[in-house]
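# Examining the three-dimensional arrangement
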Amino acid sequence: MDFSQAQTSAFRSTYVDFCIERSDFYNSLDVDMQEAQKKTWIKQADNLVRGCQFHWKESVIRVGRTTTLVSHEKHAQFMQITDGLLHTTSAGYFQQLSQNLVTFFPDLQPWAEWWFRPSIAKQLFPAYSTAASLWANIPHTSNAVEGQHSLLHRSVGKAHEL
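Residues numbered from 1 in each chain as written. Predicted model: local features only at pLDDT ≥ 70, side-chain atom pairs only at ≥ 80, totals over all residues. Heavy atoms only, no water.

### Brief notes about the overall build of the protein chain
Along the backbone of the protein chain there are eight helices and zero strands. Start at the N end of the protein chain and walk to the C end: the helices and strands fall as α-α-α-α-α-α-α-α. For the protein chain, with 162 residues in total, the buried portion stands at 34%. The long-range fraction of contacts in the protein chain, counting pairs at least 24 apart against all pairs at least 6 apart in sequence, stands at 58%. Of the accessible surface of the protein chain, which amounts to about 10300 Å², a share of 55% is contributed by carbon and sulfur atoms. (Helix = DSSP H or I, 4+ residues; strand = E, 2+ residues; numbered from the N terminus. Buried < 20%, exposed > 50% of the residue type's maximum accessible area, 1.4 Å probe, protein only. Contact = heavy atoms within 4.5 Å. Areas by Shrake-Rupley, 256 points an atom, 1.4 Å probe, with all protein chains shown as cover.)

Rendered as structure tokens:
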């Protein structure tokens with residue numbers, strides 16, 4: 001996903017429609033129970049939404065190249081913090097890294113606040129995700145070609161000789 005609310009909403013709706021179509025019990029439920037079941041499926045869909053790491057990395061690169069925001073002297077530190085944010089599963093360490101980011105790079109606070117909004121963060125950062133364990137089976141990019149490349153790597157591995 002590319003972090004748009006419209007795209008996330010469309011995914012939820014499509015997921016619920018898929019579940020209804022595949023369900024052998026949904027139509028036998030009364031209206032109130034159908035609504036309750038839809039809410040359950042919406043929560044499941046929310047857990048399956050995974051943001052596109054490519055968009056995060058591109059944003060990090062773009063910000064990192066802006067020397068008024070990230071000086072040459074602090075560029076390696078910036079990259080280390082942003083890489084750590086993307087890979088840590090520890091909520092405590094994530095909080096420490098996010099605090100370091102805005103402490104060492106105070107002009108990046110609005111940028112960081114956008115990425116750290118709960119609705120965005122849970123789609124991208126394993127420390128925020130309620131379903132990070134499922135992410136191994138979900139492509140980390142919304143680009144179809146990159147997604148297929150990711151699936152290929154997972155199925156056959158990497159670093160094979162030609």
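### Some details on helix α4 (residues 75-87)
A turn of α-helix holds 3.6 residues, and therefore any two residues three or four places apart point the same way. Across its 13 residues, α4 extends 19 Å between first and last C-alpha, which sits within 8% of the 18 Å expected from 1.5 Å per residue. Within the span of α4, buried status applies to F78, I81, T82, G84, L85 and L86. Elements that come into contact with the buried residues of α4 comprise α3 (53-64), α5 (91-104), α6 (109-116) and α7 (118-124). (Expected span 1.5 Å × (residues − 1).)

### A word on the packing of aromatic side chains
According to the stated counting rule, one finds 13 aromatic pairs in the structure shown. Centroid distance W114 to W115: 4.9 Å. Interplanar angle 85 degrees. Geometry classified as edge-to-face. Taken together, W56, F78, F94, F105, W111, W114, W115, F116, F125 and Y128 form an aromatic cluster joined through their ring pairs. Over the ring of F105 we find K74; its NZ or CZ atom is 5.9 Å from the centre of that ring. (Phe/Tyr/Trp six-rings, centres within 6.5 Å; stacked < 30°, edge-to-face > 60°. Lys NZ or Arg CZ within 6 Å of the ring centre and 35° of its normal.)

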